[in-house]
Amino acid sequence: MKIHEFLSTPLASCERTGPHDGVVLSSRVRLARNLRAVPFPGRAKKIERVKSCELLRKGVEELPEMEGAFADSMEHLGAMDKQILVERHLISREHAAKSAGSGVVLSRDETLCVMINEEDHLRMQSLQPGLQLKKAWQSIDEVDSRLETKLDFAFSSELGYLTACPTNLGTGIRVSAMLHLPGLVLAEQINQIIQAVTKLGHAVRGLYGEGTEALGHVFQVSNQMTLGESEPDIVERIDKVLLQIIEHEMNARANMLQTKPKVLFNHIGRAYGILAHSHCITSKETMNLLSLMRLGVGQRMFPGVEKALLDELFIITQPAHLQKQFTEKLEADERDILRADMLRDRLKKVAGPVIPT
Amino acid sequence: MLCSQCNQNEATVHLTEVVGDKMKKVDLCETCAKAKGVSDPAGFALADLLLGLGASQQVEQSTAADGGQISCPSCGFTQTDFKKTGRLGCSECYQAFAEGLEGVLKTMHKGTRHVGKTPKALRQVRDVSDQLKTLQKKLEKSITAEDFEQAAVLRDEIKKLQKRLSEMAL
Ligand SMILES: [Zn+2]
Ligand SMILES: [Zn+2]
């Protein structure tokens, strides 16, 4: 089966709901594991990678959680299929660049995704909508416990799980959440939040765009330290931080509505106006405006509109998802025109914003 | 300014990140930033990259004093390789580079000893060796108390556990 036939539609994937999903788009827990007897993928020869990939893939595919899963070698995935997996946040950009000797296994419900021979032999991730870090940790912990009975993982009682990069050493865990923080950005409080969170030893960064530019007001918070702290403690600590960020974001939104309603309505009204009426729009502008409209949905300015619609548009206006709908290869400016056409069409039935009462 | 990754192209992407109380700076060219997935959600490549680069520099400093180039006996990885990639070659590398890595791990992590999950097989080995220790203490006590009947029972139990442990090690 081809990956685009396997994946749920963008809308279906956006309709999954979870706690606090007005702010937390998704939760993710990733574990890095390596085989004891084989060099790390970056050091292994191609023939070693091909062999270990087969062994690992077999082990992963045999998991009960992986019944009906999609599994393939990166060699057999086309450039566009790989890019679609990146845009769905299922594999890393680095992994998308891999070929023979690397693979991917994705569970039927798309909540478990294992990258084989990325930087480590196994990068196993559990994804959940909204804020559900504990659930994500439990499910990936189970997968790991099953795999360790079949695979000989590199582990030292002093240093824990041994990983290609020392930053992942110990637990090999990376706990993260994708956050939609338009309130904190508009209120210009985002930098304070970022500083506070980084002081606690966590990383915060814009998910799209480079440097300080955070397109779509989407940020990712993740733990930095993996050694010297247990997995449940790491999960617990970041969960607490996230709950605080959510509170700040909700306060910023409420405060803005109360003290500067015109500024807020202006942002959201203009966002709708451009998205619903433009004839040429870049991916960057689209992300920022969709973010503002999503904020508007949260403020009940678009009665009858679900935030899933905005989240879906966010995905399908990304380059590979957009390209996939057309047979000929599109140039960037052609994409901008087609993106605008699609947005106008999809927003035809969405009435303009109302002022919430 | 040249890209700190490839040392060839002009660096156009400048990143600063605060980790704990340390600031890390990395300057990358467009190509390396893309290749490293700087805007990458699933890879967390940025943190790895930043810390990885810092790590390799520290290892170099700490080994430069002795002059010699350390390499991993298992995979042949050298500190130059580590500097280039910010990654180690195999699980044995952690022993080969242990000395230089210790300081790196201290600045990078909360502690230098693993306190999390342990594979079940290892946990079982640990449990059995703990039981063995307890039994051996009991045995000593019963010998001192001249309770030879009890000591014989304990010796049998110890033998059984030792056998189980040697089977586990295989
Ligand atoms: Zn470069
Ligand atoms: Zn090695």
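Structure's up top.
If you're wondering where the values come from, they're calculated on a predicted model, not measured in any experiment.

Conventions we followed
Residues numbered from 1 in each chain as written. Chains lettered and ligands numbered in written order. Predicted model: local features only at pLDDT ≥ 70, side-chain atom pairs only at ≥ 80, totals over all residues. Heavy atoms only, no water. Helix = DSSP H or I, 4+ residues; strand = E, 2+ residues; numbered from the N terminus. Buried < 20%, exposed > 50% of the residue type's maximum accessible area, 1.4 Å probe, protein only. Contact = heavy atoms within 4.5 Å. Areas by Shrake-Rupley, 256 points an atom, 1.4 Å probe, with all protein chains shown as cover. Patch = residues over 30% accessible without salt bridge, like charges linked within 9 Å, V, L, I, M, F, W, Y side chains within 5 Å. Salt bridge = Lys/Arg side-chain N within 4 Å of Asp/Glu carboxyl O. Lys, Arg positive; Asp, Glu negative; His and termini not counted. Charge placed at Lys NZ, Arg CZ, Asp CG, Glu CD. Donors = N, O, S within 2.8 Å, 3.2 Å for Na, K, Ca; no water. Tetrahedral: all angles 85-135°; square planar, octahedral: opposite > 155°, others 65-115°. Phe/Tyr/Trp six-rings, centres within 6.5 Å; stacked < 30°, edge-to-face > 60°. Lys NZ or Arg CZ within 6 Å of the ring centre and 35° of its normal. Core = buried A, V, L, I, M, F, W, Y, C linked by side-chain atoms within 4.5 Å. Axes fitted to C-alpha atoms, helices over the stretch in contact; angles between N-to-C directions. Parallel < 35°, antiparallel > 145°, perpendicular 65-115°, else oblique. Nonpolar A, V, L, I, M, F, W, Y, C, P; charged D, E, K, R; others polar. Pairing = 2+ DSSP bridges.

Explanation requested: the overall build of chain B in the structure shown.
Secondary structure summary: chain B contains seven helices and two strands in total. Each helix and strand of chain B, placed in order from N terminus to C terminus, yields the pattern β-β-α-α-α-α-α-α-α. For chain B, the proportion of its 170 residues judged to be buried stands at 43%. In chain B, the proportion of contacts linking residues at least 24 apart, taken out of those at least 6 apart, comes to 37%. Summed over all atoms, the accessible surface of chain B reaches about 9700 Å², with 51% contributed by carbon and sulfur.

Is there a simple way to think about a positive patch on the surface in this case?
Residues and elements named next belong to chain B. A cluster of like positive charges, contributed by Arg113, Lys120, Arg123 and Arg126, occupies part of the molecular surface. The topology assignment puts arginine 126 in helix H6 (residues 120-144). Classification of arginine 126 as partly exposed rests on a relative accessible area of 41%.

I keep staring at the coordination of the zinc ion (ligand 2) and nothing clicks. Help me out?
Any two of four tetrahedral donors ideally make an angle of 109.5 degrees at the metal, while pairs among six octahedral donors ideally make 90 or 180 degrees. Residues and elements named next belong to chain B. For the zinc ion (ligand 2), every protein donor is listed as Cys72 (SG), Cys75 (SG), Cys90 (SG) and Cys93 (SG), and the spread of their distances is 2.3 to 2.4 Å. Classification of the site at the zinc ion (ligand 2) as tetrahedral follows from its four donor atoms and the range of 100 to 123° in their angles at the metal. On the primary sequence, the residues serving as donors to the zinc ion (ligand 2) are separated as C-x2-C-x14-C-x2-C. Here cysteine 75, found in the loop between helix H2 (45-64) and helix H3 (79-85), pairs with cysteine 90, found in the loop between H3 and helix H4 (93-96); they are 15 residues apart in sequence, far enough to count as distant. Of the two residues examined, cysteine 75 and cysteine 90, each falls in the buried class.

Would you explain the pattern of salt bridges in this entry?
Pairing between side chains of opposite charge can happen when the charged atoms of each approach one another. By the definition in use, this model includes 23 salt bridges over all chains. Glu236(A) is the partner of Lys134(A) in a salt bridge, and the nearest nitrogen-oxygen pair spans 3.7 Å. With Lys134(A) in helix H6 (residues 133-147) and Glu236(A) in helix H9 (residues 231-259), the pair connects residues that are 102 residues apart, well separated along the chain. By relative accessible area, Glu236(A) is classed as partly exposed at 33%. Across the pair Lys117(B) and Asp141(A) runs a salt bridge, and its minimum N-O distance is 2.5 Å. Of the two residues, Lys117(B) sits in the loop between helix H5 (98-108) and H6 while Asp141(A) sits in helix H6, which places them in two different chains. In the salt-bridge network here, residues are joined through shared partners; they are Glu118(A), Glu119(A), Asp120(A), Arg123(A) and Arg87(B).

Would you mind going over unusual backbone geometry with me for this structure?
A negative phi angle characterises most non-glycine residues, just as the trans form characterises most peptide bonds. Phi at Arg300(A) is positive, roughly 55°, even though this residue is not glycine. Its location among the elements puts Arg300(A) in the loop between helix H11 (283-298) and helix H12 (307-316). Phi is positive for Glu146(B), which is not a glycine, with a value near 55°. Along the chain, the position of Glu146(B) falls in the loop between H6 and helix H7 (148-169). What makes Glu146(B) exposed here is its relative accessible area of 59%.

Is there a simple way to think about the packing of aromatic side chains in this case?
What characterises a pair of aromatic rings is the spacing of the ring centres plus the angle enclosed by the ring planes. For the coordinates displayed, the defined rule picks out four aromatic pairs over all chains. Judged by centre distance (6.5 Å) and plane angle (20°), the rings of Phe82(B) and Phe97(B) are stacked. Here Phe82(B), found in helix H3, pairs with Phe97(B), found in the loop between H4 and H5; they are 15 residues apart in sequence, far enough to count as distant. Each member of the pair Phe82(B) and Phe97(B) is classed as buried. For the cation-ring pair, Arg33(A) lies above Tyr161(A), with the distance from its terminal atom to the ring centre recorded as 3.4 Å. Looking at Arg108(A), its charged tip hangs above the ring of Phe6(A), at a distance of 3.9 Å from the centre.

Before we go on, may I ask you to explain the nonpolar core in this structure?
When a protein is soluble and globular, its nonpolar side chains tend to lie buried together. Residues and elements named next belong to chain A. With 50 residues, the main nonpolar core has Leu122, Leu147 and Ile245 as its most contacted residues. For this core, the element with the highest residue contribution is H9, accounting for eight residues. With 35 residues, the next largest nonpolar core counts Leu207, Met256, Ile281 and Leu292 among its residues.

Just to check I follow, could you spell out the packing of H11(A) against H12(A) for this structure?
Relative placement of two packed helices is described by the angle separating their axes and the distance separating the axes. Residues and elements named next belong to chain A. Here H11 crosses H12 at 170°, and the two axes come no closer than 9 Å. Judged by the angle between their axes, H11 and H12 are roughly antiparallel. Residue-level inspection shows Met287, Leu290, Met293, Arg294 and Val297 of H11 in contact with H12, the latter providing Lys307, Leu310, Asp311, Leu313 and Phe314. Class assignment for the residues of the contact of H11 with H12 results in seven nonpolar, no polar and three charged.

Is there a simple way to think about the sheet that holds strand S3 (residues 103-106) of chain A in this case?
Adjacent strands of a sheet form backbone hydrogen bonds with each other and so pair up, either parallel or antiparallel. Residue and element names in this part refer to chain A. Reading across the sheet, the eight strands line up as S2-S3-S4-S5-S1-S8-S10-S9 and stay open at both edges, with antiparallel pairing between neighbours. Here the strands that pair on one side only, and so sit at the sheet edges, are strand S2 (70-73) and strand S9 (202-206). Direction aside, the axes of adjacent strands within the sheet are offset by 15° on average. Alignment of strand S1 (residues 24-33) against strand S8 (residues 173-180), held across seven bridges, turns out to be antiparallel. Of the residues in S8, the one forming a bridge with valine 24 is leucine 179. Docked against the sheet, helix H8 (residues 190-199) engages S9 and strand S10 (218-223), running at close to 150° with respect to S9.

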